[in-house]
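Here is how the chains run, residue by residue.
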Amino acid sequence: MRGSVVSNVQQNNGNEFKCSTYIMFSNIISIVWSTAILLATAPIAGGCNRQQEVKLPMVINTWGAEFSKANVDAWDTLYIKKKSVLDAVEVGCSKCEELQCDGTVGFGGDPDENGETTLDAMIMDGQTHDVGAVADLRRVKSAISVARKVMEHTSHTLLVGNQATQFAIRMGFKEEDLNTSSSMESYKKWKENKCQPNYWINVTPDPKSSCGPYSPIEMLKYHHAGVSEGYNINLHNHDTIGMIAVDEDGSIAGGTSTNGLSHKVPGRVGDSPIPGSGAYVDKYVGGAAATGDGDVMMRFSPAMLTVEGMRYGLTPDKAAQIAIIRISKYYPNFSGAIVATTIDGDYGAACHGMDTFHYCVANPTLRQTTLEKVTCVKTSGGVSKESPPW
């Protein structure tokens, strides 16, 4: 009997031990899971809760001030109205055309040497790689919208001059004078100031002290003007609205619009309507848009170069910076900037020839159009330690 009792007690003690052990391990597992959940949802040092950061959809564009209103309209189109990225870019650039942003976008800008205001614009669909563009567009105000019609209703990429105007009229756009009393007054003063500044070189009479018509000077040896190019470019005679939009599904589009350089040689086309120069988007990588001295920048396809940098794993700001530095090695006096975004909504910018550059961004985390600023790259004679990884 006694042995039986002892055996029962030992069995009970064993069961109690097993039960206690089970409860202990259950509590440990519970504590581990609770800790993991707290760590996963806790704010990262500095107060930024990465778990709650939402980067898409997003809109980014060049410049601030009036250009911010273009971002507001594009963001409203994309985020509030739930329209496409192409719609957002068209609406945003159209806003700047209507506002005549800084006098360098849309109608009423400083006319060319013949006294006529002309427009350049481009729009690009990152999903299909289709592009529509117009250059030297005359007597039609809605350049970005005409560019979209080129993309959607032709198999061409770029239409120019009076033929672009005729296409626009067939597409239902109104033909009207792009000059204003202000732009004509500017033209009058430019003529009275002996056509200064202008963009002629190696001609007679001396373009630095007189108006044309000019004739070429016979050159015994080709004169490279690269070092001096950019001396007559400033912040108020060459701005472009360059915009990139990305939606929640990763669809991406880019666009540009400008009236070009003040008092340009008639027929001049800059970088804005050229894919890869004015803007470039790729559904697998992201997009970039450029602004600045278009005659110089278009020789380097800086928007495409920036996107390729991001393809190789560079951050948007570093990719843009390398593209800027590459230009500065050849043209140390040039002025320009690039904005860029990855397909995931990481963004950045780089600039040269200014102290700082402002640009606009909107995404769900920022909640509204936000003005960003970047300090520009400083180079000495075009020399920099930065170099592309490819």
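Presented here is a report on the structure given in the accompanying data block. Because the structure is a prediction, the values reported are computed rather than measured.

**Quick look at the overall build of the protein chain**
Right, so step 1: Scanning the protein chain from terminus to terminus reveals nine helices and 14 strands.
Right, so step 2: Of all 390 residues assigned to the protein chain, the portion counted as buried reaches 48%.
Right, so step 3: Just so you have it, the protein chain exposes about 19,100 Å², and 54% of that area is on carbon and sulfur atoms.

**A closer look at the sheet that holds strand β3 (residues 130–138)**
Right, so step 1: With respect to topology, eight strands assemble into an open sheet ordered β4-β3-β2-β8-β7-β1-β13-β14, the strand pairing being mixed. Across the chains shown, the open sheet's two edge strands, defined by having one partner strand only, are β4 (158–160) and β14 (370–375). Within this sheet the neighbouring strands show an average axis-to-axis angle of 15°, counted without direction.
Right, so step 2: Pairing between strand β1 (residues 58–62) and strand β13 (residues 356–362): four bridges, direction antiparallel. Along β13, the bridge assignment pairs Asn 61 with Cys 360.
Right, so step 3: Along the sheet, helix α4 (residues 143–153) makes contact with β2 (118–125), β3, β4 and β8 (252–258), crossing β3 at roughly 135°.
Right, so step 4: Across the sheet, helix α5 (residues 161–170) touches β3 and β4, and the angle it forms with β3 is around 110°.

**Some words on the packing of helix α2 (residues 67–80) against helix α3 (residues 85–99)**
Right, so step 1: Axis separation between α2 and α3 bottoms out at 8 Å; the angle between their running directions is 150°. In terms of their interaxial angle, α2 and α3 are classed as roughly antiparallel. The two elements α2 and α3 meet at a crossing, and its hand is right-handed. Listed contacts from α3 to Phe 67, Lys 69, Ala 70, Asp 73, Ala 74, Thr 77 and Leu 78 of α2 are Val 85, Asp 87, Ala 88, Val 91, Gly 92, Lys 95, Cys 96 and Leu 99.
Right, so step 2: Residues of the contact of α2 with α3, tallied by class, amount to nine nonpolar, two polar and four charged.

**Quick look at the sheet that holds strand β9 (residues 279–282)**
Right, so step 1: Sheet architecture is open: four strands sit in the order β9-β10-β11-β12, paired in antiparallel fashion. Two strands bound the open sheet, and with one partner strand each, they are β9 and β12 (347–352). Here the average twist between neighbouring strands, direction ignored, is 10°.
Right, so step 2: Both β9 and strand β10 (residues 286–292) contribute to a ladder of four bridges, which runs antiparallel. Its bridge partner being in β10, Asp 282 is matched across the sheet by Gly 286.
Right, so step 3: Packing against the sheet, helix α8 (residues 302–311) makes contact with β9, β10 and β11 (336–342), and its axis sits at approximately 145° to β10.

**Regarding the side chain of Ser 262**
Right, so step 1: Structurally, Ser 262 can be placed in the loop between β8 and β9.
Right, so step 2: Engagement of the side chain of Ser 262 in a polar contact is seen with the side chain of Asp 110, the distance being 3.0 Å.

**Some words on the side chain of Arg 148**
Right, so step 1: Here Arg 148 is to be found in helix α4.
Right, so step 2: In terms of polar contacts, Arg 148 uses its side chain to reach the side chain of Glu 152, at 2.8 Å.

**So, the nonpolar core**
A general feature of soluble globular proteins is that nonpolar side chains tend to end up buried together.
Right, so step 1: Membership of the largest hydrophobic core comes to 86 residues, with the highest contact counts inside it found for Val 134 and Phe 357.
Right, so step 2: In this structure Phe 357 touches Thr 62, Trp 63, Thr 291, Ala 337, Val 339, Cys 351, Glu 372, Lys 373, Val 374 and Cys 376, once residues within four positions along its chain are discounted.

**Thoughts on the environment of Met 171**
Right, so step 1: Among the secondary structure elements, Met 171 is positioned in the loop between α5 and α6 (181–192).
Right, so step 2: Since its relative accessible area comes to 32%, Met 171 is described here as partly exposed.
Right, so step 3: Beyond its immediate sequence surroundings of up to four residues, Met 171 is in contact with Lys 149 and His 153.

**With respect to α4**
Right, so step 1: With eight of its 11 residues buried, α4 lies for the most part within the structure.
Right, so step 2: Within α4, the full set of buried residues consists of Ala 143, Ile 144, Ser 145, Val 146, Ala 147, Arg 148, Val 150 and Met 151.
Right, so step 3: If you follow the buried residues of α4, they end up packed against α3, β2, β3, β4, α5 and β8.

**With respect to the packing of α8 against helix α9 (residues 316–330)**
Right, so step 1: Contact geometry of α8 with α9 gives a least axis separation of 8 Å together with a crossing angle of 135°. By the angle between their directions, the pair α8 and α9 is classed as oblique. In this structure, the crossing between α8 and α9 has a hand that is right-handed. Taking contact as the criterion, the partners of Pro 302, Leu 305, Thr 306, Gly 309 and Met 310 in α8 are, on α9, Pro 316, Ala 319, Ala 320, Ala 323, Arg 326 and Ile 327.

**Some words on the pairing of β8**
Right, so step 1: Across the seven residues that make up β8, a large majority, seven, are buried.
Right, so step 2: As defined by bridge partners, β2 adjoins β8 across six bridges and the pair is classed as antiparallel. Paired with Asp 120 across the strands is Thr 258, a residue of β8.
Right, so step 3: What sits between strand β7 (residues 241–246) and β8 in their antiparallel hairpin is a turn of five residues, with Gly 250 showing a positive phi close to 85°.

Thresholds, definitions, all that
Numbers given to residues run from 1 along each chain, matching the order in which its sequence is written. Per-residue local features are limited, in this predicted model, to residues with pLDDT of at least 70; the limit for side-chain atom pairs, both in listing and counting, is 80 or more; totals at the level of whole chains, interfaces and linings are taken over all residues. Only hydrogens and water are removed before side-chain values are computed, so all heavy atoms of the structure are retained for them. Every helix listed is a DSSP run of H or I at least four residues long, and every strand listed is a run of E at least two residues long, numbered separately from the N terminus. Under the scheme applied here, a residue whose accessible area is under 20% of the maximum for its type counts as buried, over 50% as exposed, and between as partly exposed, the area being computed with a 1.4 Å probe on protein chains only. Computed with a 1.4 Å probe, the accessible areas rest on the Shrake-Rupley method; for each residue, only the protein chains presented here act as cover. For two strands to be treated as a pair, DSSP must find at least two bridges joining them. Comment: axis = line fitted to C-alpha atoms, over the contacting stretch for helices; angle = value between 0 and 180 degrees taken between N-to-C directions. Residues are treated as being in contact if the distance between any of their heavy atoms lies within 4.5 Å. Should an angle fall under 35 degrees it is taken as roughly parallel, and over 145 as roughly antiparallel, whereas 65 to 115 is taken as roughly perpendicular and any remaining angle as oblique. For any helix crossing, the convention is left-handed if the near helix is rotated counterclockwise from the far helix by under a right angle, and right-handed if that rotation is clockwise. In this classification, Asp, Glu, Lys and Arg are treated as charged, Ala, Val, Leu, Ile, Met, Phe, Trp, Tyr, Cys and Pro as nonpolar, and every other residue, Gly included, as polar. Pairs of N or O atoms within 3.5 Å make up the polar contacts considered here, provided that, within protein, one atom can donate a hydrogen while the other can accept it, and that residues adjacent in sequence are counted only when both atoms are side-chain atoms. Joining through side-chain atoms within 4.5 Å is the link that ties buried Ala, Val, Leu, Ile, Met, Phe, Trp, Tyr and Cys residues into a set, and such a set is a nonpolar core.

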